[in-house]
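Chain and residue survey
Here is how the chains run, residue by residue.
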Amino acid sequence: MIETSAEPTAAQRRAAWDAAGVSPLWENRLAHGAAPAPERPMVWPWQTMKPLIDDAAAMNSVDVIERRVLSLMGPDPTAPGYPFTITNLNAGYQILLPGESARPHRHSMNALRFVLDGNGANTVVDGKVCPMFEGDLILTPGWTWHEHVHPGDGPIVWLDVLDAALHRYLGTDAFEPGPVRNMPARTPDAAYGYANLLPEAPDPTMHSPVFRYPWATASAAVAAAPRGPDGARRVRYVNPATGGATMSLLDCTLVEIDAGRTTAPFRTSSHAVCAVVEGTGHTQSGDATIAWGAKDVFTLPSGQWMTHYAAKRTRLFITTDREILRRLDLLEESWKS
Ligand code: GTQ
Ligand code: FE2
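This text gives an overview of the structure that appears in the document.

Conventions we followed
Residues numbered from 1 in each chain as written. Chains lettered and ligands numbered in written order. Predicted model: local features only at pLDDT ≥ 70, side-chain atom pairs only at ≥ 80, totals over all residues. Heavy atoms only, no water. Core = buried A, V, L, I, M, F, W, Y, C linked by side-chain atoms within 4.5 Å. Buried < 20%, exposed > 50% of the residue type's maximum accessible area, 1.4 Å probe, protein only. Contact = heavy atoms within 4.5 Å. Near = heavy atom within 4 Å. Polar contact = N/O pair within 3.5 Å; in protein donor to acceptor, adjacent residues only side chain to side chain. Areas by Shrake-Rupley, 256 points an atom, 1.4 Å probe, with all protein chains shown as cover. Helix = DSSP H or I, 4+ residues; strand = E, 2+ residues; numbered from the N terminus. Nonpolar A, V, L, I, M, F, W, Y, C, P; charged D, E, K, R; others polar. Pairing = 2+ DSSP bridges. Donors = N, O, S within 2.8 Å, 3.2 Å for Na, K, Ca; no water. Axes fitted to C-alpha atoms, helices over the stretch in contact; angles between N-to-C directions.

What about the nonpolar core?
With 42 residues, the main nonpolar core has Tyr93, Leu112, Leu137, Leu159, Tyr237, Leu254 and Phe317 as its most contacted residues. When neighbours within four sequence positions are excluded, Tyr237 is seen to be in contact with Phe114, Leu137, Tyr213, Ala218, Gly244, Thr246, Cys252, Thr253, Leu254 and Phe317. By size, the runner-up hydrophobic cluster in this structure holds 15 residues, among which are Ala272, Ile290, Leu316 and Ile318.

Put into structure tokens, the structure is as follows:
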């Protein structure tokens, strides 16, 4: 057989690479190219969403009734890991009508519910009934059984925030339909009420044994919190057994900003989804400015200097992925005073 030293054609080379299961790194724009453009903040104004939510509430196809959720779609469908609301976080409006229910199931994804509008539904989390009123935070940590029921009056709308995109990316997303089985024993919330009865050796990776953080408690706590150097008051929703984040990925804070004040510039490698509980104002993120009012939802990208200005006294409920970044040694945060 005669050896030929002729170079393959481009097409032959491509075919040989494909057949051998290799690919040229120099053609991969993600490898050593310029950093991708920063994410942009987005806002979902309640004024825009309310008619869409009302319309979704009026639909009666079987699929819709099973899960009335409108997902908040981030702006760049070509982003790695898409669909998400912002990197690592998936948010959606979930609507439940009186008499409706969402069947029990569980999944590896952590989820939280923050009630935006309406009252009187219950989320049952590993057998604990968690009433849902405006401003309440309900946790459904990964692998807890959960179902939603609505014995009250009038529609209820809450914001779901999940770490679904991260699980998909990690290949760890998994789902189990009900009926409920293998229910773990749960410590009554009362034992943790004032964090004075804790496991002797808390597992720092354990999710919060408390699944419901009522608005009355959270709003009283933030009103009583000391002012930060910029005058804003901040509280973190914590796992009383560890003092750490509520759940592995989802870390929640409540911020109160007085009328006419602007928060100190803050920059972080983490990503956030914010719900405006009350107030109006605007947020600067890099060179973008977004205006918001009560019940609006907005996102905060990483890597940008951010400030919040409150025209009226404002309370922001903020969910971030900072805890997972912290555990991976990827959390970088700085303040300018
Ligand atoms: O309510 O259990 O928005 O499992 C996405 C997945 C809500 C839920 C979502 C879910 C749920
Ligand atoms: Fe779920």
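Description of the site of ligand 1
Arg67, Val69, Gln94, His105, His107, Arg113, His146, His148, Asp160 and Leu162 make up every residue found near ligand 1. Within the side chain of Gln94, a nitrogen or oxygen atom sits 3.0 Å from an oxygen atom of ligand 1. If ligand 1 stood free it would expose 290 Å²; the protein chains cover 84% of that surface. For the shell around ligand 1, the elements supplying multiple residues, two or more each, are β4 (101-107), β9 (146-149) and β10 (156-162). Taken together, the residues of the shell around ligand 1 break down into 2 nonpolar, 5 polar and 3 charged.

Considerations on the pairing of strand β18 (residues 288-292)
Burial along β18 is one-sided: the face carrying Ala288, Ile290 and Trp292 is buried and the face carrying Thr289 and Ala291 is not. In the sheet, strand β17 (residues 281-285) pairs with β18 via 5 bridges, with the strands oriented antiparallel. Residue pairing in the sheet places His282 in a bridge with Ala291 of β18. A loop of 2 residues connects β17 with β18, the two strands running antiparallel in sequence, and Gly286 in this loop sits at a positive phi of about 60 degrees.

Details of the coordination of the iron ion (ligand 2)
Under ideal tetrahedral coordination, the four donors around a metal are separated by 109.5 degrees; under ideal octahedral coordination, the six donors are separated by 90 or 180 degrees. Each protein donor to the iron ion (ligand 2) is listed here as His105 (NE2), His107 (NE2) and His146 (NE2); together their distances run 2.1 Å. All donors of the iron ion (ligand 2) belong to a single chain; written as a sequence motif, their spacing is H-x1-H-x38-H. Since its relative accessible area comes to 5%, His105 is described here as buried.

Quick word on the sheet that holds strand β5 (residues 111-117)
Strand order in this open sheet of 6 strands is β2-β3-β10-β5-β8-β12, and the pairing throughout is antiparallel. Looking at strand neighbours, the two that pair on one side only are β2 (69-71) and β12 (212-213), the edges of this open sheet. Relative to β10, β5 is paired through 6 bridges, and the arrangement is antiparallel. Note that in β10 the partner of Ala111 across the bridge is Leu162. Each of β2, β3 (90-96), β5 and β10 is contacted by helix α3 (residues 46-58), which is oriented at about 50 degrees to β3, the strand it contacts most.

Note that every value here comes from positions in space, so none of it alone points to a role or purpose.
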